[in-house]
Amino acid sequence: MVIQTEGLTFNFGSQTVVKSLSLQVPEGSIYGFLGPNGAGKTTTIKLLLNLLQSQEGNIKLFDLDFHANRQEILSQVGSLIEQPAIYGHLTGRENLQNRAILLQVSKKRVDEMLSLVRLSQAADKKTSKYSLGMKQRLGIALALLSDPKLLILDEPTNGLDPNGIIEIRELLKTLVAEHNKTVFISSHLLGEIERMATHVGIINNGELLFQGEMKDLEAISQPLVHIETTNTVDAANLLTKNNYTVIDVNDSYLSVTYQSKEKTGQINTLLNQNGYTVYSIYKVQKYLEKLFLDITQTPAK
Amino acid sequence: MKGFLLSLQSEFYKSRKTLGFWASILLPFILILLVSIGFYTHVDKLSHGPGMMLWLLFSGAVLNIMGALLLPMYAIFIAYSVNSIEHKADTWKSLFSLPIAKWSVYSAKFLYAVILVFLTLLLFALFSIGFGDLLGVLKPGLKFLDYHMEWTLLQIYFKLFLSALGILSIQFLLSLLWTDFLKPMGIGFVCFIAGVISVGVNWDYAYIIPYAHPMLALKSMMGTHKRGTPPTQIVIDIFTHDVYVSLAVFAVVFVAGFFIVQKKSVK
């Protein structure tokens, strides 16, 4: 495991922000750390980097205890936390150069990073004049500068335009697939995680509600039959009487749990025979978005 | 140790384009330039004085402003400036997640502030000597070249440097802990006023207030000759009570700050 925590707890005053968190981030994964704003994501990341001191539990990175191996661990971690930390009075290149001094990285690497995040053109412009997206890209370049084995990114696509988001996503996928990196990425947007993560952890109110591979999450997601018809309410009653489970009804459509192709055909026939016109009928995967909401909105047990 | 040197190098790299850094060079330059212009334009009034008196007048004009007002304020400003660079850019979190020990990051920053103050005071001494000699060359009527007090000036400014370390360390810690400018500045200002008053009323224990040290350092030097009679020799006693207290405060605050940084959460 690249990241492993056990019973990690952090209290902010009397409020528990992170509750007994046990993360398992395997090597070579893109671990999506998902949760609504204020769920405790940034706090967890700061605990992982020892910027905050945990009150309970322990943290292991690369199977090493953090406190005893701080420098060795940090030399293999690149991070971007909240807004990128950039000196506004320096140019993009100088920001990287400054970090290169601290990490003893060559100048060549600075240029490589600039072109990787497509900032070569703006490299000699003061970063206070950068757009949010440019700052974010520079932040990612800073995190990647030391060629770390583990990248910890806190909402890295904040402020990026759709093209920028796609580029970052492709970059992270390449890093994992070709350079054997591990990426721990937090987000409040499921759509973003869904498109790149191999593993996912869902956190809400400081508690880990789900952790596993992406496909496990998809497996919980139950398929539905989406039916557009006349008089949806009566149609729903008819289906209920015939032992179908109606999930959702509104003026224009209703949804029923999916059982099989044949059953879907039978639903169609049943509705037609009873005088309902079926405009459309098809199988849908319950959106992960909805599932995410279900998971995070369930009161904590 | 390597991390410490790298951090120090980075401190210089990132601050070399800031006002904090340039103030260290420009402050002595501008102040001494102005005094020199004053001397240059008033040759007739000053030309009958002996070389030693001229030097005392010349360096005294700068020293009085420095010791009485500028040095404590400057220490407050430098302490703020080296920390605010991180507060402004929100870079504490990235500094403390580098593979460099926390003590290295902290002490490199601390030392950098000390170096800036040292640089300023060294430049004050060097510019005083340089501009004095230059005036002597440009206006032979001013007998600057008749007398030499290079060593004395270096000693005086070294004493001032030591006397500023107490203030610098306290202000450094305050500026490290607080993001905004007003809190450390306000506290520094109030303490400085208290220091001025304590020296002004000749309080016996004024030397326990670090903010009074630069003034005390100057005062203790002024007393080496009797009023009215022209001095023949200037004796500088660097290690007086106030300098010892300043050094002690410096050491204690540095160590305390180190433990605070170790325990502190980074927002």
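Residues numbered from 1 in each chain as written. Chains lettered and ligands numbered in written order. Predicted model: local features only at pLDDT ≥ 70, side-chain atom pairs only at ≥ 80, totals over all residues. Heavy atoms only, no water.

Along its length, chain B carries ten helices and zero strands. Order of helices (α) and strands (β) in chain B, N terminus to C terminus: α-α-α-α-α-α-α-α-α-α. Radius of gyration (C-alpha) of chain B: 20 Å, near the 18 Å computed for a compact globule of 267 residues. If you line up chain B on its principal axes, its C-alpha atoms span 65 × 40 × 30 Å. A buried classification covers 53% of the 267 residues belonging to chain B. When contacts within chain B are restricted to residue pairs at least 6 apart in sequence, long-range pairs at least 24 apart make up 81% of them. (Helix = DSSP H or I, 4+ residues; strand = E, 2+ residues; numbered from the N terminus. Rg over C-alpha atoms; globule rule 2.2 N^0.38 Å. Buried < 20%, exposed > 50% of the residue type's maximum accessible area, 1.4 Å probe, protein only. Contact = heavy atoms within 4.5 Å.)

Turning next to the domain arrangement of chain A. Split by domain assignment, chain A resolves into domain 1 (3-214) and domain 2 (222-285). Each of domain 1 of chain A and domain 2 of chain A has a C-alpha centre, and these two points are 45 Å apart. (Domains from an automatic or database assignment.)

Moving on to the sheet that holds strand β14 (residues 253-257) of chain A. All names here are of chain A. Spatially, the four strands line up as an open sheet ordered β13-β14-β12-β15, and their pairing is antiparallel. What marks the edges here is a single partner per strand, and that holds for β13 (246-249) and β15 (278-285). For this sheet, the mean angle separating the axes of adjacent strands, direction not counted, is 20°. Bridge count for strand β12 (residues 223-229) against β15 is seven bridges, and the pairing is antiparallel. Its bridge partner being in β15, Leu-224 is matched across the sheet by Val-284. (Pairing = 2+ DSSP bridges. Axes fitted to C-alpha atoms, helices over the stretch in contact; angles between N-to-C directions.)

All names here are of chain A. Positive phi outside glycine occurs at Phe-62, with the angle close to 50°. Assignment of secondary structure puts Phe-62 in the loop between β5 (56-61) and β6 (64-65). According to the relative accessible area criterion, Phe-62 is buried, its value standing at 18%. You will see that Asn-231, though not glycine, has its phi angle at about 45°, which is positive. Counting through the fold element by element, Asn-231 comes out in the loop between β12 and α9 (232-241).

Turning our attention to the pairing of strand β8 (residues 150-154) of chain A. Residue and element names in this part refer to chain A. Along β8, five of the five residues are buried, which leaves the element largely enclosed by surrounding structure. A two-sided burial pattern is seen for β8, the buried positions comprising Leu-150, Ile-152 and Asp-154 on one face and Leu-151 and Leu-153 on the other. Looking at chain direction, strand β7 (residues 77-80) and β8 are connected through four bridges and run parallel. Paired with Gly-78 across the strands is Leu-151, a residue of β8. In this sheet, strand β9 (residues 182-187) lies alongside β8 in parallel orientation, the contact comprising five bridges. What sits directly across from Leu-150, in β9, is Thr-182. Regarding the hand of the β-α-β motif, the stretch spanning β8, helix α6 (residues 162-179) and β9 is right-handed. (Right-handed = clockwise from strand over helix to strand, strands pointing away.)

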